[in-house]
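Secondary and tertiary structure notes
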Amino acid sequence: MRTQPATKEDSALAVTPLIQHRMPWRVLSVETLPGFRLHVRFVDGSEGIADLAALVHSPEAGVFSALADPDFFAQARIEYGAVTWPGNVDLAPDAMYAEIRKTGTWVLQ
């Protein structure tokens, strides 16, 4: 009977490379600020302010009108690289990223 030599246990970490975010516009962190503003940081290190004050108080706010409630606004979180709130309210991270890279602030109206 042949015996097989003892082998090292397979390690998924040794085989699978670490996940690299290829989309620089993916949001890494979000912090709510007074005045319906957000401080956001992206995976590439870019950061800036998203100002939603005009949008949430606009007659055409639609689903974003719920964000006019400060307690609801404070529930901002990150899901799949985008800023989201309960009820499937979210912001387009690519548009936010592009404007913040240009001016440091993304003002939604």
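Within every chain, residues take consecutive numbers counted from 1 along the sequence as written. Where totals are concerned, whole chains, interfaces and linings use all residues; where local detail is concerned, this predicted model gives features only for residues with pLDDT of at least 70, and gives and counts side-chain atom pairs only at 80 or more. Note that the side-chain values use all heavy atoms of the structure and ignore hydrogens as well as water.

**Some details on the overall build of the protein chain**
Heads up, the rule is: Under the scheme used here, helices are H or I runs from DSSP no shorter than 4 residues and strands are E runs no shorter than 2 residues, and both carry numbers assigned from the N terminus. Exposure categories follow from relative accessible area, calculated using a 1.4 Å probe and restricted to protein chains: below 20% of the type maximum is buried, above 50% is exposed, and the middle band is partly exposed.
A tally of helices and strands in the protein chain yields four helices and seven strands. Counting from the amino terminus, the protein chain carries its helices and strands in the arrangement α-β-β-β-α-α-β-β-β-α-β. Burial statistics for the protein chain: of 109 residues in total, 31% are counted as buried.

**Some points on the confidence of the model for the protein chain**
For the record, the criterion: The pLDDT value tells you how sure the predictor is about a given residue, anywhere from 0 up to 100.
With 81% of its residues at a pLDDT of 70 or more, the protein chain shows a mean pLDDT of 87. Looking across the protein chain, the model is least confident in helix α1 (residues 12-15), with a mean pLDDT of 56, and most confident in strand β3 (residues 47-51), with 98.

**Let's talk about unusual backbone geometry**
At Phe36, a residue that is not glycine, the phi angle is positive and equals roughly 60°. Even without being a glycine, Asn88 presents a positive backbone phi close to 65°. Residue placement: Asn88 occurs in the loop between β5 (82-85) and β6 (89-90). Classification of Asn88 as exposed rests on a relative accessible area of 77%.

**As for the packing of aromatic side chains**
The condition is simple: Between rings of Phe, Tyr and Trp, where Trp is taken as its six-membered ring, a pair exists when centres lie within 6.5 Å; planes separated by under 30 degrees are stacked, by over 60 edge-to-face, and by other angles tilted.
Within the structure shown, the criterion is met by three aromatic pairs. Note on Phe42 and Tyr97: the rings are 5.1 Å apart at their centroids and 80° apart in plane angle, and the pair reads as edge-to-face. Here Phe42 is found in strand β2 (residues 37-42), whereas its partner Tyr97 is found in helix α4 (residues 93-103), with 55 residues between them in sequence. Neither Phe42 nor Tyr97 differs from the other in exposure class; each is buried. On the numbers, 5.7 Å between centres and 35° between planes, the contact of Phe73 with Trp85 is tilted. Here Trp85 lies in strand β5 and Phe73 lies in helix α3 (residues 70-73), a separation of twelve residues in the sequence. Overall, Phe73 belongs to the buried group, its relative accessible area being 3%. With relative accessibility at 1%, the residue Trp85 sits in the buried group.

**Focus on α4**
The condition that has to hold: Here the arc refers to the directions that run from the helix axis out to each C-beta atom. Here a residue-residue contact requires only that any non-hydrogen atoms of the pair lie within 4.5 Å.
Of the residues making up α4, those classed as buried are Pro93, Met96, Tyr97 and Ile100. Down the axis, α4 shows its buried residues gathered within 100° of arc, on one side only. Among the exposed residues of α4, those oriented more than 90 degrees off its buried face are Lys102 and Thr103. The secondary structure elements touched by the buried residues of α4 are β1 (27-33), β2, β3, β5 and β7 (105-107). Phi for Gly104, located one or two positions after α4, is positive at around 90°.

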